[in-house]
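Architecture and fold: a report
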Amino acid sequence: MSDKLTCPLCGQKIDFTLVHHLRDEHKVEPETFRQQFPDKPIHSIGFTGFIKSSEVRKLGDILHYKLDVAGTRMTARHGVDHPLIPISDPTFVWTDPCQDVAEAIEHNERAFIYGPSGTGKSSLVRQIAAITKRPVRRVSLNGETSVSDFIGHWTVNDQRQTVFVNGILPAAMMEGHILQLDEVDAMQPEIGFILQQVLEPNGHLLLTDTGEDIHPHPDFRIVATANTLGFGSDSGLYSSGTHVLNFSWLDRWDVVVHIDYLPADQEVDLLRARHASLKKDLLTCLVTAAGDLRRAHAEEQLSTTITTRRLLALCSRLERGNEFARALATTVLNKVPPEDRKVIGETFDHHVGPLSKS
Ligand SMILES: Nc1ncnc2c1ncn2[C@@H]1O[C@H](COP(=O)(O)OP(=O)(O)O)[C@@H](O)[C@H]1O
Ligand SMILES: [Mg+2]
């Protein structure tokens, strides 16, 4: 849209719409302008088309419009600023299952996202929120989050009064934020119990401390991420921290989405986007080696696996000029059990080694 309009009051050429120009320069409201110049357009044709096709509308003080996110039509807010709105990452790679999560957030379905560690589950929720400008409260339920962090607790304020401070759950419900529950498969049973009432259809939260009954704001959303579906870990990789979730609890989630490692070519694209100075050949070899190791892990020949997060960490070290063996040791090998170290080292050597000789 490069269409310009001429302001009939001053002759200046203005892009897309005269509304701001009239208000700022001439102190004229659009209604007054329309009465004064009934034949003059206030918006360009392209801009009018954009407003229609994007279903732009004002709700309260905020402009809402529609846009495509991962193939789903979502509602975004224009120009809102909030410290909990994540920053968008232009290198984020959108894959097919992302569409299901976007649809769930748009239509207020409770989404349970599961898949191996480091595959972008947490990032996905944040990226959808960044594009649509929704604040996200993220909580990791890996055992470190106490019930009082989650629900709230009593404290004494500056005026020496005893007051109840809302925890993450009631705050997200009241303020209409996305509540991102990471690692729900490692959640303490008490937290599962509390969530149960919120996950009911028309769920609400009765704060037993204060007697307050909290009904969710219409924009409140709840998304869980986990490594396992909650039936225990098949691979054994996550078994130490994960609890077997109870079926009726799991059944309360409207949609379950499986996110796996990126397809190889997309994983190479991601590494290239983040580490542009590294050669494509090298990145392809890293991804091929990771693919072999993930297969070995799936076939239970290896107790650990190589996540996208590990590959990114390795690339950061390589980009700073670290020698390959040293970078691999610090970002990958030193993290894995000794029995996996040899196989992982040899697999990378097998794929990356020939590059250094060519
Ligand atoms: N599809 C993707 N696009 C961009 N970055 C990704 C993608 N998948 C994983 N990553 C990167 O890998 C790292 C781990 O992602 P994260 O969302 O924490 O994974 P998970 O929650 O599945 O463990 C982050 O640096 C993230 O940016
Ligand atoms: Mg995560």
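Up top is the structure.
Here we summarise the structure given alongside this text. (Residues numbered from 1 in each chain as written. Chains lettered and ligands numbered in written order. Predicted model: local features only at pLDDT ≥ 70, side-chain atom pairs only at ≥ 80, totals over all residues. Heavy atoms only, no water.)

Points about the overall build of the protein
The line we're drawing: Only runs of H or I of at least four residues qualify as helices and only runs of E of at least two qualify as strands under DSSP, and these elements are numbered from the N terminus. Only C-alpha atoms enter the radius of gyration; for comparison, a globular chain is expected to reach 2.2 Å times N to the power 0.38, where N is the number of residues. Each residue gets one of three labels from its accessible area relative to the maximum for its type: buried under 20%, exposed over 50%, partly exposed in between, using a 1.4 Å probe on protein chains only. All accessible-area figures derive from a Shrake-Rupley calculation using a 1.4 Å probe, and residue coverage is judged against the displayed protein chains alone. In this charge count, Lys and Arg are treated as positive and Asp and Glu as negative; neither His nor the chain ends contribute. A charge is said to be at NZ when it belongs to Lys, at CZ for Arg, at CG for Asp and at CD for Glu.
Within the protein, the regular secondary structure consists of 14 helices and 14 strands. For 358 residues, the compact-globule estimate of 2.2 N^0.38 gives 21 Å, and the protein exceeds it by more than 25% at 26 Å. Considering only C-alpha atoms, the protein reaches an extent of 80 × 65 × 40 Å along its principal axes. Taking all 358 residues of the protein together, 44% fall into the buried category. Per element, the accessible surface of the protein, about 19,000 Å² overall, is 50% carbon and sulfur. Across the protein, 37 positive and 47 negative side-chain charges occur, with their mean positions spaced 7 Å apart.

Some details on the site of ligand 1
The condition is simple: Put simply, a residue is near a molecule or strand once any heavy atom of it comes within 4 Å of that molecule or strand. Under the rule applied, a polar contact is a pair of N or O atoms within 3.5 Å (in protein, one hydrogen donor and one hydrogen acceptor; residues adjacent in sequence only if both atoms are side-chain atoms). The method works on a 1 Å grid over the protein atoms by themselves. A cavity is a set of points holding a 1.4 Å probe that cannot get out, a pocket is an open set with protein on both sides within 12 Å along at least five of seven lines, and residues with an atom within 4 Å of a point line them. Just a note on the criterion: a molecule sits in a pocket or cavity if more than half of its atoms are within 2 Å of the grid points. Domain ranges listed in this record stem from an automatic or a database domain assignment.
Near ligand 1 lie 17 residues; those nearest to it are V93, G118, K121, S122 and S123. At 3.1 Å, a backbone N or O of T119 approaches an oxygen atom of ligand 1. Contacts to ligand 1 include G120, whose backbone N or O atom sits 3.0 Å from an oxygen atom. Protein burial of ligand 1: of its 560 Å² of free accessible surface, 87% is covered by the chains. Of all the cavities here, the one that holds ligand 1 is the largest pocket. Secondary-structure elements contributing two or more residues to the shell around ligand 1 are α5 (121-132), α10 (264-274) and α12 (308-319). When residues of the shell around ligand 1 are assigned to domains, at least three map to each of domain 2 (79-258) and domain 3 (264-357).

Let's talk about the sheet that holds strand β5 (residues 72-77)
To keep it simple, the criterion reads: Strand pairing is assigned whenever DSSP identifies at least 2 bridges connecting the two strands. Simply put, an axis is a line fit to the C-alpha atoms, just over the touching stretch for a helix, and the angle between two N-to-C directions goes from 0 to 180 degrees. What makes two residues a contact is simply this: any of their non-hydrogen atoms within 4.5 Å.
If you trace the three strands from one edge of the open sheet to the other, you get β3-β4-β5, paired in antiparallel fashion. Only two strands of the sheet have a single neighbouring strand rather than two, namely β3 (57-59) and β5. Between one strand and the next, the sheet's axes are offset by a mean angle of 40°, whatever the strand orientation. Bridge analysis of strand β4 (residues 62-69) against β5 gives six bridges, and the strand direction is antiparallel. The residue bridging L67 from the neighbouring strand is M74, located in β5. Each of β4 and β5 touches α5; the most contacted strand, β5, lies at about 60° to it.

What about the pattern of salt bridges?
Cut-off, in case you're wondering: A carboxyl oxygen of Asp or Glu within 4 Å of a side-chain nitrogen of Lys or Arg is what we treat as a salt bridge.
This model, assessed by the stated rule, comprises 12 salt bridges. Measuring nitrogen to oxygen at the nearest pair gives 3.2 Å for the salt bridge that ties R137 to E175. Here R137 is found in strand β7 (residues 136-140), whereas its partner E175 is found in helix α7 (residues 168-175), with 38 residues between them in sequence. Take E175: its relative accessible area is 41%, and that puts it in the partly exposed class.

Here's the deal with the layout of surface pockets
The cut-off we apply is this: Grid points are joined across faces, edges and corners, and a volume is the space filled by probe spheres set on the points.
Quantified by volume, the largest pocket comes out at close to 1,000 Å³. Lining the largest pocket are 44 residues, with S117, G118, T119, T307 and R309 sitting closest to its centre. Listed by contribution, the elements that provide at least two residues to the lining of the largest pocket are α5, β13 (221-226), α10 and α12. Of all the elements, α5 adds the most residues to the lining of the largest pocket, at six residues. Counting contributing residues, the lining of the largest pocket receives three or more from each of domain 2 (79-258) and domain 3 (264-357).

A word on unusual backbone geometry
Not every positive phi belongs to a glycine, and E55 is a case in point at roughly 50°. The topology assignment puts E55 in the loop between α3 (45-53) and β3. Owing to a relative accessible area of 41%, E55 belongs among the partly exposed residues under this scheme. One non-glycine residue, E300, lies in positive phi territory at about 65°. Considering the arrangement of structural elements, one finds E300 in the loop between α11 (280-298) and α12.

Considerations on the packing of aromatic side chains
How we decide: Only Phe, Tyr and Trp rings are paired, with Trp represented by its six-membered ring, and only when their centres lie within 6.5 Å; those with planes under 30 degrees apart are stacked, over 60 edge-to-face, the remainder tilted.
Evaluated as defined, the whole model comprises seven aromatic pairs. When the ring of W154 is compared with that of F164, the centres are 5.2 Å apart and the planes differ by 70°; the resulting orientation is edge-to-face. Of the two residues, W154 is situated in strand β8 (residues 152-156) and F164 in strand β9 (residues 162-166); the sequence distance between them amounts to 10 residues. Taking relative accessible area as the criterion, W154 reaches 44% and is therefore assigned partly exposed. We classify F164 as buried; its relative accessible area is 16%.

Shape is all these values report; function is a separate question.
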